[in-house]
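Here are the chains, one letter per residue:
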Amino acid sequence: MYDAVVIGSGIAGAAAARVLAEEQGKRVLVLERRPHIGGNCYDQEDEYGILIHRYGPHIFHTGDEEVYAWLSRFTDWYAFGHEVVARVGEQLLPVPFNLNTLKLVYGEEKGEILAGKLTDIFGAGARVPILELRRQQDPEIQAIADFVYENIFLKYTMKQWGQKPEEIDPAVTGRVPVVISYDNRYFGDKYQGMPKDGYTSMFEKILGHPGIEVRRGRDAREVLKLKEKESRVYLEGAGFHGAVIYTGALDELFECRYGRLPYRSLRFDFEHYEIPDYQGHSVVNYTVSEDFTRITEFKHLTGQKAEGTTIVKEYPFAYRGGAGEIPYYAIMNEENFALYGKYAALAEKFPDFYLLGRLAEYKYYNIDAMAARAIALARSLA
Ligand code: FAD
Ligand code: UDP
């Protein structure tokens, strides 16, 4: 019946399934345990008619021409330069910390001098990770680094990860560097914005191919069994010989026998207000106060015109695998990678079985990088 099975319909599973079906003529079964497609990119109208992102704000951004062209087959774009501000006391400061932020903090005159100094040291347009800025010897630069560390990174990172910035993988805080320019945009990529009709519509089109069958509300573990003694996969009781692409959590595939892979999770609290504008910005980061990390106001992200407005607050917590908990962020460190490696070794014993995605690879992927990797993996199976 099927030539390939893909577990999960997030961007990893959806892009891989499309390539297998369209470019290789394969009959692909996609198993998705949620009642909807799209994984964490899923969006929907709430009861007030506001388009919301159920699993946190997703802004598409990429410099990858090929991925942009590939996804543009399935959607038009509402293009905008995404900007974020941090609430620090009474001030709203542009994040990433940039030369505009510098002048707001130090005043025009002193800010101008410091901007010159930063530009001399790092070069115009440079993107400097906070941990690198903190290593500078110059006392004035150190003072800037201390300010940014204390007011932008420390408390936000403690909330998000339960650890200090210097205790987590440097690549994580490196995603939001200090930027030596007057560009207030959160991302530096050439293309940024939203699928014009939303992510879910884009996913429907990606998966809308006669060679793809999607079963929702179906946990793969109900129909797909991994028999370790035989190194063979069974689909609905019969030996399956085609490719299997798994995009779920790797520990779950083996009943968490070595213990759970650690993740950070999030609780999303949605609130609706019958006012036209709640905060005047799409995203406000709470970098020195509150228990939540940020507030997103969706209509500023999507460009939707409506009388009311819906916001979401994000409360991070340690994932324990409890009912309804979703693992969002892999916690990247040596110990966890070693544990991941033990599970990956079990999966490797199955021929034509591939781990793909933020969960299955235990990695921090943006949508564009995930799509690129999924397309490349599927093409390698031709
Ligand atoms: P997912 O989207 O998680 O999809 C995995 C799918 O597999 C899910 O639908 C799940 O239900 C299904 N599944 C798992 N196990 C099983 C099973 N046993 N049986 C059946 N189905 C199963 N990226 C950006 O580029 N821009 C952003 O602004 C951005 N914001 C983000 C904000 C948050 C809060 C988070 C958590 C991530 C954000 N990302 C963003 C990253 C983006 O969400 C990921 O790159 C993307 O979702 C990864 O896709 P995926 O398919 O690997 O995983
Ligand atoms: N970060 C921070 N303050 C901010 C924004 C980001 O401390 O105002 C840190 C925090 O540790 C966060 C990381 O930088 O986890 C990466 O931020 P990004 O916005 O890329 O995280 P995402 O929500 O996209 O995973």
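Above this text you will find the structure in question.
Residues numbered from 1 in each chain as written. Chains lettered and ligands numbered in written order. Predicted model: local features only at pLDDT ≥ 70, side-chain atom pairs only at ≥ 80, totals over all residues. Heavy atoms only, no water.

1. Observations concerning the sheet that holds strand 14 (residues 232-235)
Okay, so step 1: One open sheet holds the 3 strands; their spatial order is 13-14-15, and the pairing between them is antiparallel. Each having just a single partner strand, strand 13 (224-227) and strand 15 (238-240) make up the two edges of the open sheet. Looking at each pair of strands side by side, their axes are set apart by 40° on average, direction ignored.
Okay, so step 2: In terms of strand pairing, strand 14 meets strand 15 through 3 bridges, oriented antiparallel. In the sheet register, Leu 235 faces strand 15, and the bridge partner there is Ala 238. (Pairing = 2+ DSSP bridges. Helix = DSSP H or I, 4+ residues; strand = E, 2+ residues; numbered from the N terminus. Axes fitted to C-alpha atoms, helices over the stretch in contact; angles between N-to-C directions.)

2. A few points about the site of ligand 1
Okay, so step 1: Near ligand 1 there are 29 residues, and of these Glu 32, His 58, Ile 59, Tyr 365 and Ile 367 occur at the shortest range.
Okay, so step 2: One of the backbone N or O atoms of Ala 12 is found 3.0 Å from an oxygen atom in ligand 1.
Okay, so step 3: Contact with the protein chains hides 97% of the accessible area of ligand 1, taken as 1000 Å² for the molecule alone.
Okay, so step 4: Mapped by element, the contributors of at least two residues to the shell around ligand 1 are helix 1 (11-24) and helix 13 (367-380).
Okay, so step 5: In terms of residue class, the shell around ligand 1 is built from 14 nonpolar, 9 polar and 6 charged. (Near = heavy atom within 4 Å. Polar contact = N/O pair within 3.5 Å; in protein donor to acceptor, adjacent residues only side chain to side chain. Areas by Shrake-Rupley, 256 points an atom, 1.4 Å probe, with all protein chains shown as cover. Nonpolar A, V, L, I, M, F, W, Y, C, P; charged D, E, K, R; others polar.)

3. Observations regarding the nonpolar core
Okay, so step 1: Grouped together as the largest cluster of nonpolar side chains are 123 residues, with contacts concentrated most on Leu 71, Leu 118, Leu 133, Leu 250, Phe 254 and Phe 353.
Okay, so step 2: Those residues within four positions of Phe 254 in sequence are excluded, and the remaining contacts are Leu 226, Glu 228, Tyr 343, Leu 346, Ala 347 and Phe 350.
Okay, so step 3: Counting residues in each nonpolar core, the second largest holds 7 residues, with Val 284, Tyr 286, Phe 292 and Tyr 315 among its members. (Core = buried A, V, L, I, M, F, W, Y, C linked by side-chain atoms within 4.5 Å. Buried < 20%, exposed > 50% of the residue type's maximum accessible area, 1.4 Å probe, protein only. Contact = heavy atoms within 4.5 Å.)

4. Some remarks on the pattern of salt bridges
Okay, so step 1: Going through the model one piece at a time under the given rule, you end up with 24 salt bridges.
Okay, so step 2: Close ionic contact of Asp 219 with Arg 221 constitutes a salt bridge, the shortest N to O distance being 2.9 Å. (Salt bridge = Lys/Arg side-chain N within 4 Å of Asp/Glu carboxyl O.)

5. Comments concerning the site of ligand 2
Okay, so step 1: Around ligand 2, the surrounding shell holds 17 residues, and the nearest of these are Ile 152, Trp 161, Arg 175, Tyr 186 and Tyr 364.
Okay, so step 2: Contact between ligand 2 and Arg 294: an oxygen atom at 3.4 Å from a side-chain N or O atom of the residue.
Okay, so step 3: For ligand 2, whose unbound accessible area comes to 530 Å², protein coverage reaches 94%.
Okay, so step 4: Those elements that place two or more of their residues in the shell around ligand 2 are helix 6 (139-161) and helix 7 (170-173).
Okay, so step 5: Looking at the shell around ligand 2 element by element, the count peaks at 6 residues for helix 6.
Okay, so step 6: Here the residues of the shell around ligand 2 are counted per class, giving 10 nonpolar, 5 polar and 2 charged.

6. Notes on the packing of aromatic side chains
Any aromatic ring pair is given by two values, namely how distant the centres are and how the planes are angled relative to each other.
Okay, so step 1: Summed over the entire model, instances satisfying the criterion amount to 22 aromatic pairs.
Okay, so step 2: Taking NZ or CZ as reference, Lys 227 lies 4.3 Å from the ring centre of Tyr 234, over its face.
Okay, so step 3: A cation over a ring is seen here: Lys 342 above Tyr 258, with NZ or CZ 4.5 Å from the ring centre. (Phe/Tyr/Trp six-rings, centres within 6.5 Å; stacked < 30°, edge-to-face > 60°. Lys NZ or Arg CZ within 6 Å of the ring centre and 35° of its normal.)

7. Looking at the packing of helix 1 against helix 8 (residues 199-207)
Okay, so step 1: Remark: helix 1 packs on helix 8, axes separated minimally by 8 Å, with the N-to-C direction vectors making an angle of 30°. In terms of orientation, helix 1 and helix 8 fall into the roughly parallel class. Contacts between helix 1 and helix 8 involve Ile 11, Ala 14, Ala 15, Ala 17 and Arg 18 on the former and, on the latter, Phe 203, Lys 205, Ile 206 and Leu 207.
Okay, so step 2: When the residues that make up the contact of helix 1 with helix 8 are grouped by side-chain class, the tally is 7 nonpolar, no polar and 2 charged. (Parallel < 35°, antiparallel > 145°, perpendicular 65-115°, else oblique.)

8. Observations concerning the sheet that holds strand 22 (residues 353-355)
Okay, so step 1: Sheet architecture is open: 5 strands sit in the order 12-2-1-16-22, paired in parallel fashion. Looking at which strands have only one partner, the edges of the open sheet turn out to be strand 12 (212-215) and strand 22. Shown here is a sheet whose adjacent strand axes are inclined to one another by a mean of 15°, direction ignored.
Okay, so step 2: The pairing of strand 2 (residues 28-31) with strand 12 spans 4 bridges and is classified as parallel. Among the inter-strand pairings, Leu 29 is bridged to a residue of strand 12, identified as Glu 213.

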